[in-house]
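# Structure assessment
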Amino acid sequence: MSASRITLLLNRLSLYQAPDRGFEIRLNINPRPDNQRVPHDHCYAFATRILTGGYVHVLRRRTDGWTGPFTGADLEPAVVTVERPGSAYTLGDSIVHQAVMEPHTVTLFVRGPRRKKLSHTAEELMPPPENWPAAAIPGDAPEESRPCTLAEYQRMRTYLIERDLIG
């Protein structure tokens, strides 16, 4: 439970972690559609398989080189795909992408070892803090990413059980 998170884009239910080998297996669920327009890269390579729902996936070509921070003006659409249940793909840590998910999308996500210190986003396209997940403690400021509470963890499990994705 301690590795499961509530994030700006979606909720992450951690299924298995191997920190000594640098990977994690998780289910990504409950996408926040209004927050998914931000192009970003990752600190790691990953593989994903769409279990339910789907999304429009946009790979972006960087016009300012392959590393470091970028803005929306530094990116052009390169490949646009529609991902549906059964679709699977892998991406490296230098690839900038965005996934605009349908409601009720669930993906199996395998994160590889960290390959760089920081990931990047087009900061000027980030949603305002009022669209971020609520703080775990009432009265605290919203957070981009935080550990889930026990109640949130239980709701994620119930959501997946009700859809026959876990037993």
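All figures in this text were calculated on a predicted structure; none of them were measured in a lab.

## Structural notes on the nonpolar core
- Judged by nonpolar contacts, Leu 10, Cys 43, Tyr 44, Phe 46, Ile 50, Tyr 55, Tyr 89, Leu 91, Ala 99, Met 101 and Phe 109 together constitute the single largest core of 11 residues.
- Sorting the residues of this core by element identifies strand 4 (44–52), strand 7 (88–91) and strand 8 (96–101) as the ones contributing at least two each.
- The element best represented in this core is strand 4, accounting for 3 residues.
- The contacts of Leu 10, once residues within four sequence positions are left out, are Arg 5, Asn 28, Ile 29, Asn 30, Pro 31, Arg 32 and Met 101.
- Core analysis: the next-biggest nonpolar cluster, separate from the first, contains 9 residues, Ile 6, Cys 148, Met 156 and Tyr 159 among them.

## Regarding the pattern of salt bridges
- The full count for this structure, using the stated rule, is 10 salt bridges.
- The salt bridge involving Arg 62 is made with Asp 64; its shortest N-O contact spans 3.1 Å.
- Under the relative-accessibility criterion, Arg 62 is labelled buried at 8%.
- Where Arg 84 meets Glu 102, a salt bridge forms, and the shortest distance between an N and an O atom there is 2.4 Å.

Here is what the cut-offs are and how they apply
- Residues numbered from 1 in each chain as written.
- Predicted model: local features only at pLDDT ≥ 70, side-chain atom pairs only at ≥ 80, totals over all residues.
- Heavy atoms only, no water.
- Core = buried A, V, L, I, M, F, W, Y, C linked by side-chain atoms within 4.5 Å.
- Buried < 20%, exposed > 50% of the residue type's maximum accessible area, 1.4 Å probe, protein only.
- Helix = DSSP H or I, 4+ residues; strand = E, 2+ residues; numbered from the N terminus.
- Contact = heavy atoms within 4.5 Å.
- Salt bridge = Lys/Arg side-chain N within 4 Å of Asp/Glu carboxyl O.

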